[in-house]
Amino acid sequence: MKPLRLRLLLGITAITGLLSWGGARLWDSLGTLPGVPAYAPYVLAAIAVVLLAVAISLRSRLKAMRERQPGAKRVDPLHAARALVLGQASALVSAVVTGVYAGVGVFLLGSLEVAARRAQAATALFAVLAGAAVIAVALWLQHICRLPEDHDDPEHPRGTAASSR
């Protein structure tokens, strides 16, 4: 499984943000802009908390195994793979959602004198912050689930067999 890169996630967020900003301008020119859901930041924050709990649990169990602590629970590889997939999927979806709310929020900055738009801009800002938290925690979870490199692998370019040639 290939690791996600922050650069990819930022690119997805930027492209989605530009499209969302353009869509918000177009929608507003047609009459009215749809509201930013008030629950969006809470949903994203809940996802970040769940991912954080999974990451902390896996990290402590892997650390206990590495240090060979007595009574350390073994980490099931399938459980770690599922956590990794959950983190990567959450990061990708959060990059899109963060871009959407960032684009709408930037558009709403032009009309902060209207109280309803100001409240929507604040909600969009909190959604962007919560989305960034999901991305950060998902990347940390991915880092935790990373397997150590096998330097004795002859196929590995930095392995002992490759360096002795």
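In this report, the structure presented in the accompanying data block is examined. Every value quoted in this text rests on a predicted model; they were computed, and no experiment measured them. (Residues numbered from 1 in each chain as written. Predicted model: local features only at pLDDT ≥ 70, side-chain atom pairs only at ≥ 80, totals over all residues. Heavy atoms only, no water.)

This next bit is on helix α1 (residues 6–29). Between its terminal C-alpha atoms α1 stretches 34 Å, which fits the 34 Å expected from 24 residues at 1.5 Å a residue. Just past α1, the residue G31 takes up positive phi, approximately 150°. (Helix = DSSP H or I, 4+ residues; strand = E, 2+ residues; numbered from the N terminus. Expected span 1.5 Å × (residues − 1).)

The next point concerns the layout of surface pockets. The computed volume of the largest pocket comes to approximately 910 Å³. If you go around the largest pocket, you meet 24 residues; those closest to its centre are H143, I144, C145, R146 and L147. Of all elements in the fold, only α2 (40–66), α3 (77–108) and α4 (115–144) reach the threshold of two or more residues within the lining of the largest pocket. Considering every element that reaches the lining of the largest pocket, the biggest residue donor is α3, with five residues. Considering only residue class, the lining of the largest pocket consists of 16 nonpolar, three polar and five charged. (1 Å grid on protein atoms, 1.4 Å probe; cavity = no way out; pocket = protein on both sides within 12 Å on 5 of 7 lines; lining within 4 Å. Points joined across faces, edges and corners; volume = space filled by probe spheres on them. Nonpolar A, V, L, I, M, F, W, Y, C, P; charged D, E, K, R; others polar.)

Right, let's talk about the pattern of salt bridges for a bit. Taken as a whole and assessed by the stated rule, the structure comprises one salt bridge. Here R117 makes a salt bridge to D28, at a shortest N to O gap of 2.9 Å. Of this pair, R117 sits in helix α4 while D28 is found in helix α1, placing the two residues 89 residues apart along the sequence. Judged by relative accessible area, which is 18%, R117 ranks as buried. The class for D28 is partly exposed, based on a relative accessible area of 27%. (Salt bridge = Lys/Arg side-chain N within 4 Å of Asp/Glu carboxyl O. Buried < 20%, exposed > 50% of the residue type's maximum accessible area, 1.4 Å probe, protein only.)

What follows concerns the packing of α3 against α4. Pairs of packed helices are described in terms of their axes, by the angle between the two and the distance that separates them. Between α3 and α4, whose axes approach to 8 Å, the crossing angle comes to 155°. Taken as axis vectors, α3 and α4 run roughly antiparallel relative to one another. Two packed elements cross with a definite hand, and for α3 against α4 that hand is left-handed. Across the contact of α3 with α4, the residue classes break down as 17 nonpolar, nine polar and one charged. (Axes fitted to C-alpha atoms, helices over the stretch in contact; angles between N-to-C directions. Parallel < 35°, antiparallel > 145°, perpendicular 65-115°, else oblique. Left-handed = near helix turned anticlockwise from the far one by under 90°.)

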